[in-house]
Amino acid sequence: MKKVNRKLLVGILALLVVFATACGGNTANGSNGGKVKQSFTVTSAAEISTMDPALATDTTSTLAMSQVYEGLYVLGKKDEFELGVAAKEPKISKDKKTYTFDLRKDAKWSNGDPVTADDFVYAWRKMVDPATASPNADVFSGVIKNAEAIFQKKKQVDELGVKAIDKHTLEVQLEVPIPYIKSILSYSVFFPKNQKFNEKQGKKYAKSSDNLVYNGPFQLANWNGTSKEWSYKKNPEYWDKKKVKLTDVNVTVVKSPGTGINLFNTNKVDVINKLDSEYAKRYLNDKNFKSVPQFVTFFLKLNPERNGKKTPLANEHMRKAVAQAFDKKQFTDQVLSDGSTPTDQLIPKGQSKGPDGKEDFTAAAAKANDYLTYNKAAAQKEWKLAQQELGKNVTLEFLTDDTDIAKTSSEYFQSQLETNLPGLKVKVKMVPFTSRVQLDNKHDYDVELGGWGTDYRDPLTVMRIFKSGSGIGGIAYNNKAYDKLIDATRTVDATNNSKRMEDFIKAQNMLINEDTMLAPIYNRSAAILSRTTIKDMYWHAFGPDYSLKYAFVK
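Residues numbered from 1 in each chain as written. Predicted model: local features only at pLDDT ≥ 70, side-chain atom pairs only at ≥ 80, totals over all residues. Heavy atoms only, no water.

1. Observations concerning helix α16 (residues 480–490)
If you check which residues of α16 are buried, you get Tyr482, Asp483, Leu485, Ile486, Ala488, Thr489 and Arg490. Where α16 is buried, its residues contact α15 (460–463) and α17 (497–514). A distance of 2.8 Å separates the backbone nitrogen of Ala481 from a side-chain oxygen at the start of α16, and that oxygen is part of Asn479. (Buried < 20%, exposed > 50% of the residue type's maximum accessible area, 1.4 Å probe, protein only. Helix = DSSP H or I, 4+ residues; strand = E, 2+ residues; numbered from the N terminus. Contact = heavy atoms within 4.5 Å. Polar contact = N/O pair within 3.5 Å; in protein donor to acceptor, adjacent residues only side chain to side chain.)

This is how it looks when you write it as structure tokens:
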């Protein structure tokens, strides 16, 4: 037997070790030196528009906030509510209108400051202060005592029904008993703010990730206000940091599904948060595929007034023609193909119960009213009536995002409307998401493909945004009868759930069937790809799309 050169053997073994280490993966399905790296990359369809809870009106921003901020409650596994900054369930008065919360004494901001009851008082007062001009201020109306009066400048901001009893005791006074209070207190508009830090930042506050402090599981990093990439870094000051296994999560904006797939297949991203129909079909049986039903409704907004001038959609027959001129089932089956389902209503199926507290809201509403749906003959009848006033040829501008799926969707509606309503010309205007939000807020469009997700489980979460003068409805709709019904659900009928749900059914009928300001299309199911090595990344039917707190890479 030949003798082995021991020096040569040691050298070869050393090279093998170096080679093995160098080949370790950096994505969720790789390892580093035998230890799995607790990091992965997820795509986003749009940029963050703001990190100020008082100003956010889009799901991308509120999703980001939910990873880095924390309220009294948070949304956990299977959409169940968990205690957040609240140390335990509150003490509730006999009339169910006063809640007293003990806050966690170990809850801290990322700069080391304690999270106190005053942080909630400061944040909530800022939210309802007319000077803030928050588009979300009305969420407090009919919920927190005196919020509506403050918003209307009939009471002072310091009269809001929230008080710091001491550093770690928060008293919350409600206008009326609220059965969905946990749901609403988990919503981003009820997050606390660090007054000392925020005021020190001045106009720089929330302009970048460096001008913010965080009390959630993660801290935002590498965001400058317009970034197409950002990161969530584990927050070392978070009270429950022992349960946070991830060191960081990177987010990259990907507007092309094909680009996202290429990034996924080359291990550059690990989660694609939205697939278009082509890839949803292709990956339906893939082990990494998930379909997540969500309480989200997409619809066409039919805007009657733009820049102070009437649009063709000021004509009621024009609106009813458009609302009945497209095949919803064909759209969900052939264009989306992701598990989404057609709908004729604004409130998603499963979101709320009807007047009897047992039957689903949508079933009760369908019994009460006949909803407009795809009906070519009825659409053309309304179109002929509209042409008598508007002329034989009419042009509408169709506003949408600049993503591939938005392009495909808008082309479908363009084809359906122009084919079924001869003489109608539809011009598609594609803009970046943040630009669409701005145009929506200014009512600067004719028709817009939009959607709204459930922030808390009650019809009010969606129906409130279409009140007269709403800053977030994005549509020139003013109907005192509609306003009265929505107001009644917060006031005179607030304690009578049966009557309250009847109000919502009447209001929805008015919005869709009578006035036809909206044309509902579908309830979304999110088709996603997520590596099987990523565990406990909770996907939600409402609120933020997902939660990262408990996620880890196996």
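Having seen it, we continue.
2. Re the domain arrangement of the protein chain
Looking at the assigned domains, one finds that the protein chain contains domain 1 (39–253 + 531–553) and domain 2 (294–526). In this structure, domain 1 and domain 2 have C-alpha centres spaced 29 Å apart. Across the contact, 23 residues belong to domain 1 and 21 residues belong to domain 2. Counting each side, the surface lost to burial between domain 1 and domain 2 is near 2100 Å², with a carbon and sulfur contribution of 59%. Along the contact surface separating domain 1 from domain 2 lie three salt bridges. For the salt bridge of Asp138 with Arg490, the shortest nitrogen-to-oxygen distance reads 3.5 Å. Class assignment for the residues of the side of domain 1 that touches domain 2 results in 11 nonpolar, eight polar and four charged. (Domains from an automatic or database assignment. Buried area = accessible area lost by both parts, 1.4 Å probe. Salt bridge = Lys/Arg side-chain N within 4 Å of Asp/Glu carboxyl O. Nonpolar A, V, L, I, M, F, W, Y, C, P; charged D, E, K, R; others polar.)

3. Thoughts on the pattern of salt bridges
Applying the stated criterion across every chain, the model contains 30 salt bridges. Its salt-bridge partner being Asp402, residue Lys255 comes within 3.3 Å of it at the nearest N-O pair. Note that Lys255 is positioned in the loop between β10 (248–253) and α7 (257–265) and Asp402 in the loop between β16 (394–401) and α13 (404–420), a separation of 147 residues in sequence. Lys499 is the salt-bridge partner of Asp493, the closest N and O atoms lying 3.5 Å from each other. Residue classification places Asp493 among the buried residues on the basis of a relative accessible area of 11%.

4. Here's the deal with the nonpolar core
One finds Trp124 and Phe466 to be the most contacted residues of the largest nonpolar core, which totals 113 residues. There are two domains that each give this core at least three residues, and those are domain 1 (39–253 + 531–553) and domain 2 (294–526). Those residues in contact with Phe466 that lie beyond four places of it in its chain are Phe299, Leu346, Gly473, Ile475, Tyr477, Tyr482, Leu511 and Leu518. (Core = buried A, V, L, I, M, F, W, Y, C linked by side-chain atoms within 4.5 Å.)

5. What about the sheet that holds strand β4 (residues 91–92)?
Taken together, the four strands give an open sheet; going across it, the order is β4-β5-β7-β6, and neighbouring strands pair in antiparallel fashion. In the strand order of this sheet, the two ends are held by β4 and β6 (162–166), each with one partner. In this structure, strand β5 (residues 98–102) lies alongside strand β7 (residues 169–173), joined through five bridges in antiparallel fashion. Counted as the bridge partner of Thr100 is Glu171 from β7. Along the sheet, helix α3 (residues 117–128) contacts β6 and β7; its crossing angle with β6, the most-contacted strand, is approximately 165 degrees. (Pairing = 2+ DSSP bridges. Axes fitted to C-alpha atoms, helices over the stretch in contact; angles between N-to-C directions.)

6. Looking at the confidence of the model for the protein chain
When pLDDT is averaged along the protein chain, the result is 91; 94% of the residues meet or exceed 70. Here residues 1–26 scores under 50 on pLDDT; set against residues more than four positions off or in separate chains, the count is six contacts. (pLDDT = per-residue confidence, 0-100.)

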